[in-house]
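# Chains, contacts and geometry: an overview
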Amino acid sequence: HLSNRLQTVADFVSPGARLADIGSDHAYLPVHLAKQGVITAALAGEVVKGPYHNALTEIENEQLTDTITARLADGLAAIQPDDKIDTVTIAGMGGTLITNILESGKSHLTHHERLILQPNVGEDNVRRWLQNNRYQIVAERILAEDGHIYEIIVADPVETPVTYTATELKFGPYLLREKSPVLQQKWRQEQARLDQVIATMKQAKNAPQAKIAAFKRERDQIQEVIL
Ligand code: SAM
């Protein structure tokens, strides 16, 4: 069975979907969705040979070679027109890497695909890319598991660009409205980190005052917006 993190990603895959799971490693996500009968077809993309072989082995062991194809490719280059992919998942990586994968591979998308993204950090980069590429965020989730806090961002293509405020890009438009205890926990941790940084900088001899002030503003913003 899946981790809560991957199950939450799976929850946003529609019945009948043709899924591309990029950075699939063991292909747990497409294998689970195929076994549940949710997806029609899937490809598990991997750029590294070890994880690619993990995916191959898992798909063969589960006898799902008719439904799931593993492909050794960089990012969205795993997707070919004949696959008729309508859903792309990218989970368990930093937001900058996810953004780079989307940006460098966007010629492989038709702008009809739903994107389900689970950045481990740097969620604001992901939201900004979505905004700049005519995607609308349609749902967000935040959850704590094994001492980590994870965010899931679901986005659908739109014709008219949606613009988000700086605050929405940072904290998430839906997460901001919901203000769940997990969101508060996440940003309390970030505040504590900023406090540490500020304290360390203050001890330095030529403490850069402007930088300290910027970190303090960031800290205060979290207080105002979230807590
Ligand atoms: N998606 C799975 C999950 O969420 O549990 C596995 C996450 S694993 C930490 C990240 C995987 O992404 C690694 O197996 C890595 O090889 C793969 N990866 C990193 N950059 C990639 C890229 N440009 N294209 C395809 N896969 C990539």
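Anything mentioned here points back to the structure above.
Okay, so let's go over this structure. (Residues numbered from 1 in each chain as written. Predicted model: local features only at pLDDT ≥ 70, side-chain atom pairs only at ≥ 80, totals over all residues. Heavy atoms only, no water.)

## A closer look at the pairing of strand S7 (residues 148-157)
The buried count for S7 comes to seven of ten residues, which makes it a mostly enclosed element. As defined by bridge partners, strand S5 (residues 114-119) adjoins S7 across three bridges and the pair is classed as antiparallel. Note on S7: the bridge partner recorded for Leu115 is Ala155. Bridge analysis of strand S6 (residues 135-145) against S7 gives ten bridges, and the strand direction is antiparallel. Counterpart to Ala139 in the pairing with S7 is Val154. (Buried < 20%, exposed > 50% of the residue type's maximum accessible area, 1.4 Å probe, protein only. Helix = DSSP H or I, 4+ residues; strand = E, 2+ residues; numbered from the N terminus. Pairing = 2+ DSSP bridges.)

## Thoughts on the environment of Gln80
Within the secondary structure, Gln80 is located in the loop between strand S3 (68-72) and strand S4 (87-93). Judged by relative accessible area, Gln80 falls into the partly exposed class, the value being 39%. On a C-alpha basis, the gap between Gln80 and Leu109 in space is 9.2 Å, while along the polypeptide they are 29 residues apart.

## Examining the site of the ligand
Taken together, 16 residues are adjacent to the ligand, and Arg5, Gly23, Glu46, Asp74 and Gly75 come closest. Between Gly23 and the ligand, the recorded distance is 2.7 Å, taken from a backbone N or O atom to a nitrogen atom. When the ligand is considered free in solution it has 600 Å² of accessible area, and contact with the protein chains removes 78% of it. Among the elements of the structure, helix H1 (4-10), S4 and helix H4 (95-104) are those that each provide at least two residues to the shell around the ligand. Looking at the shell around the ligand element by element, the count peaks at three residues for S4. Grouping the constituent residues of the shell around the ligand by class yields nine nonpolar, three polar and four charged. (Near = heavy atom within 4 Å. Polar contact = N/O pair within 3.5 Å; in protein donor to acceptor, adjacent residues only side chain to side chain. Areas by Shrake-Rupley, 256 points an atom, 1.4 Å probe, with all protein chains shown as cover. Nonpolar A, V, L, I, M, F, W, Y, C, P; charged D, E, K, R; others polar.)

## As for helix H2 (residues 28-35)
A large share of H2 lies buried, amounting to six of its eight residues. Buried positions along H2 lie against H1, strand S1 (18-22), strand S2 (41-46), helix H3 (49-61), S3 and S4. Two residues or fewer after H2 comes Gly37, characterised by a positive phi angle close to 75°. (Contact = heavy atoms within 4.5 Å.)

## With respect to the side chain of Glu58
Mapped onto the elements, Glu58 comes out in helix H3. Once you skip the residues sitting within four places of it in the chain, Glu58 turns out to touch His26, Tyr28 and Val31.

## Considerations on the sheet that holds S6
Read from one edge to the other, the open sheet built from seven strands follows the order S3-S2-S1-S4-S5-S7-S6, with strand pairing classed as mixed. Either end of the sheet is taken by a strand with one partner, and the two such strands are S3 and S6. Across the sheet, the axes of successive neighbouring strands diverge by a mean angle of 15°, strand direction being ignored. As paired strands, S1 and S4 are joined by four bridges and run parallel to one another. Bridging across to S4, Leu19 finds its partner in Thr87. Strands in contact with H2 are S1, S2, S3 and S4; relative to S1, the strand with the most contacts, it is inclined by about 160°. Sheet contacts for helix H5 (residues 123-132): S5, S6 and S7; angle to S7, the most-contacted strand, approximately 0°. (Axes fitted to C-alpha atoms, helices over the stretch in contact; angles between N-to-C directions.)

## Here's the deal with the packing of H4 against H5
Two numbers describe how H4 lies on H5: the axes approach to 7 Å, and their chain directions differ by 25°. The orientation of H4 with respect to H5, classified from their angle, is roughly parallel. Helix-helix and strand crossings are classified by hand; for H4 and H5 the assignment is left-handed. Along its contact with H4, which presents Gly95, Thr96, Ile98, Thr99, Leu102 and Glu103, the element H5 presents Asn125, Val126 and Trp129. (Parallel < 35°, antiparallel > 145°, perpendicular 65-115°, else oblique. Left-handed = near helix turned anticlockwise from the far one by under 90°.)

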